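# Architecture and fold: a report
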Amino acid sequence: MKKILLVAFALISILKLNAQAPCGTDEYDAYLRRTNPQYAAERQKMEQQIYSILKNKQNNPNARIAQNDCQPNGVFTIPVVFHVIHLGESVGTGTNISDATITSSLADLNKRFRRVIGDGVDLEIQFALAVRDPNGNATTGINRVNGSSVLNYAANGVDGANGANEKDIKDLSKWPTNRYFNIWIVKTSAYSGEATLPSSFNVDYQGIKIAYNVIWGGLLAHETGHFLGLYHTFQGDNNNSVCPVNNDCLLDGDKVCDTPPHKSSECTTRVCSVNGDFNNVYKNYMSYCGSANWSRFTQGQKDRVRNMLYSQYRWNLITSDALIPLSVPLEAGIVDLENYLNEPICNNFTPKLKVRNSGNTTITNFKIDTYIDGVFYNSNIINTSLIKNASSIFLLQNLNFSTSGQHNVKFSIAEINGSTNDYSTLNNQICHNILVRNNSVNSFCLNLEDNTVNSLLFNSDSIYNPKLTNVSGCSNTGSKVLKYNNTSTLNTDNAFYLPQFNLDSVYSAYLVFDHAYKLDNISSKLWFGFWAVDGCDSSAKFIYSLNNNQLASVSGRDSLNTWTPTSCSNWKKDSIYLNHLGLNNLLLKCAAWNY
């Protein structure tokens, strides 16, 4: 099902696995989607990004799935910390499982992810216990905390109808999830394992939980698959009642093309599909076809996991310093680009880089090389006194872009204390795809008839951007409009930005636009809104919106989702008063939202 919204800016004038449930991930994900719009929106945004990249790879098999030049191919090692939340027993007894149980399970996980055992593909991802804690001190990567004082934990474990609260348990021991893969070993009767799927929601609590009495490598492989973005192979079977839809294998079901659609119980006789290798689900770590059969991940799952690893949600685990030995003399890493980048930046941009010293030697100077769109731009020599385990924010020379629109910016540590020796190179560089605004003007006329849509800036991660489309029947709106041809998937945000302008000395300023929309036959609703962004390092401020019924410009419903306006009566005009905003360097963001 699709929703169709057309927006005409024909002329816009601005004047200035046991008795327990095998896995709790689906239920937890469904609960968060129902109760937290932010989570649902973030998950949908993530799926848009994955689909766009994997669709390109599907059409161009040699295409890389890395999201920028800072992300190489090869084998990646993720730092792990285990939090054993026990009931006061001695180590190796009851809920306080032994070090040997943890290390052997982790070794088994590595064998499965690297296909040392099994018959699938090598995911080229492995795991190791962290050697340094968040403060830069030595650690074994195993924390043990007595959780018996947490309400209901001793009697009922965590979760379930009468169990302890999950956050209360995780608050006993959790390390920064952007530097460590957190695994909590807990008492529970609700499930064998549970994972948080990638998002920025509740980021401090992301990781996996494993029941203390069933921990083993196969279960870790299953839940870690979820943590890295994989669904169950039977995703979409509605509790084993229907065959999952598979019209587009990258959008439907488990969103993997080489795992045939099946019901969770469909493990011996094929029902839902006769196409594809059925062993890819029967033997799959993400199926419920019996843990004794688990022996493979597929190439499609590898592509999805690697894609997720390259994303903003998991890449920091690869650049973490948690596996860097404490004895290393020279080691520095770029932690982040601290500037606010959720909205388009102004030209003459001043980068603010956060750099951390993870070596034993005080850093007195370092050199940062900057590249724009793959071309060397400048070098910055930074003099400092950055001691061991300290981090600081450094201002670099301004960046001036030759054109507005999307650009890739890369920052790379080239030298530390005059030396090119550095223990880890993965954390030496950081890349960002950013949108650069046009230079500010006092007024503008956006005429789509002249294809000035090129002056708009579009969300780079959206696969449903409005497109310049021809329509007929109304000279007032002209023949060219912006068309949203959006799927019925909920919480899809598709934004574009009008050219930047000033409101200095303007007596009256309005944004005028026409819109055409016919309601469809599904329960989701469409919403169209506007935000104002003031200045060059600020967030967007919501100013105006139209909901489903307000957007509708004609009566009735579009059962086939093919409606197109054919006369002036099919359009509605709307306007927004802007003077009250009192903003200069004003950027207007427009977005359609399906909810």
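Since the model is a prediction, treat every value here as computed from it, not as a measurement.

Moving on to the packing of aromatic side chains. One pass over the structure, following the stated rule, counts 22 aromatic pairs. Between the aromatic rings of phenylalanine 113 and phenylalanine 127, the centroid separation amounts to 5.1 Å while the plane-to-plane angle is 80°, which identifies the pairing as edge-to-face. On the criterion of sequence distance, the pair formed by phenylalanine 113 in helix α3 (residues 99-113) and phenylalanine 127 in strand β4 (residues 125-129) is long-range, its members being 14 residues apart. For phenylalanine 113, a relative accessible area of 0% translates into the label buried. Residue phenylalanine 127 is classed as buried on the basis of its relative accessible area, which comes to 4%. Centroid distance tyrosine 510 to tyrosine 577: 5.2 Å. Interplanar angle 55°. Geometry classified as tilted. With tyrosine 510 in strand β21 (residues 510-517) and tyrosine 577 in strand β26 (residues 572-577), the pair connects residues that are 67 residues apart, well separated along the chain. Taking the relative accessible area as the measure of exposure, tyrosine 510 reaches 38% and is therefore partly exposed. For tyrosine 577, a relative accessible area of 38% corresponds to the partly exposed category.

Put simply, helix α2 (residues 37-59) and helix α8 (residues 299-309) touch, their axes get as near as 10 Å, and they point 125° apart. In terms of orientation, α2 lies oblique with respect to α8. Between α2 and α8 lies a crossing whose hand is right-handed. Contacts between α2 and α8 involve Met46, Glu47, Ile50, Ile53, Leu54 and Lys57 on the former and, on the latter, Asp303, Arg304, Asn307 and Met308. Partitioning the contact of α2 with α8 into residue classes produces 5 nonpolar, 1 polar and 4 charged.

The next thing to look at is the sheet that holds strand β9 (residues 332-337). Spatial ordering of the open sheet is given by β9-β10-β13, a layout of 3 strands whose pairing is antiparallel. Edge strands, defined here as strands with exactly one partner in the open sheet, are β9 and β13 (391-395). Ignoring strand direction, the axes of neighbouring strands in this sheet form an average angle of 30°. With 5 bridges joining them, strand β10 (residues 352-357) and β13 adopt antiparallel strand pairing.

On average, residues of the protein score 87 in pLDDT, and 88% of them reach the 70 mark or higher. Ignoring residues within four places in sequence, the model shows residues 9-19, a span with pLDDT below 50, making 51 contacts including any to other chains. In the predicted structure, residues 487-492 sits below a pLDDT of 50 and forms 28 contacts with residues beyond four places in sequence or in another chain.

Once that is clear, we can look at the state of the cysteines. Summed over the entire model, instances satisfying the criterion amount to 5 disulfides. A disulfide bridge connects cysteine 243 with cysteine 272, and the sulfur atoms are separated by 2.1 Å. Of note, the bridge from cysteine 243 to cysteine 272 carries an S-S torsion of about -85° and is left-handed in sense. Of this pair, cysteine 243 sits in the loop between α6 (217-227) and α7 (279-282) while cysteine 272 sits in the loop between α6 and α7; the two residues are 29 residues apart in sequence, bridging distant segments of the chain. Note on cysteine 243: relative accessible area 34%, which makes it partly exposed. There is a disulfide in this structure between cysteine 267 and cysteine 289, and the S-S distance comes to 2.0 Å. Because the sign of the S-S torsion sets the handedness, a value of about -85° for the bond joining cysteine 267 and cysteine 289 places this disulfide among the left-handed ones. With cysteine 267 in the loop between α6 and α7 and cysteine 289 in the loop between α7 and α8, this residue pair connects regions lying 22 residues apart in the sequence.

Taking burial as the measure, the 11 residues of α6 include 11 buried ones, the bulk of the element. Within α6 the residues assigned to the buried category are Gly217, Gly218, Leu219, Leu220, Ala221, His222, Glu223, Thr224, Gly225, His226 and Phe227. Positioned one or two residues after α6, glycine 229 has a phi angle of 100°, which is positive.

Glancing now at the pattern of salt bridges. Tallied over the entire structure, the rule returns 21 salt bridges. We note a salt bridge from aspartate 122 to arginine 114, for which the minimum N-O separation is 2.8 Å. A salt bridge links lysine 367 to glutamate 415, with the shortest nitrogen-to-oxygen separation between them at 3.9 Å. Of the two residues, lysine 367 sits in strand β11 (residues 363-372) while glutamate 415 sits in strand β14 (residues 405-416), which places them 48 residues apart along the sequence. A residue is classified by how much of its surface remains accessible, and glutamate 415, at 28% relative accessible area, is partly exposed. Look at the salt bridges and you will find they share partners, linking Asp29, Arg33, Arg43, Glu47 and Arg304 into a network.

The rules behind each value
- Residues numbered from 1 in each chain as written.
- Predicted model: local features only at pLDDT ≥ 70, side-chain atom pairs only at ≥ 80, totals over all residues.
- Heavy atoms only, no water.
- Phe/Tyr/Trp six-rings, centres within 6.5 Å; stacked < 30°, edge-to-face > 60°.
- Helix = DSSP H or I, 4+ residues; strand = E, 2+ residues; numbered from the N terminus.
- Buried < 20%, exposed > 50% of the residue type's maximum accessible area, 1.4 Å probe, protein only.
- Axes fitted to C-alpha atoms, helices over the stretch in contact; angles between N-to-C directions.
- Parallel < 35°, antiparallel > 145°, perpendicular 65-115°, else oblique.
- Left-handed = near helix turned anticlockwise from the far one by under 90°.
- Contact = heavy atoms within 4.5 Å.
- Nonpolar A, V, L, I, M, F, W, Y, C, P; charged D, E, K, R; others polar.
- Pairing = 2+ DSSP bridges.
- pLDDT = per-residue confidence, 0-100.
- Disulfide = S-S within 2.5 Å.
- Salt bridge = Lys/Arg side-chain N within 4 Å of Asp/Glu carboxyl O.

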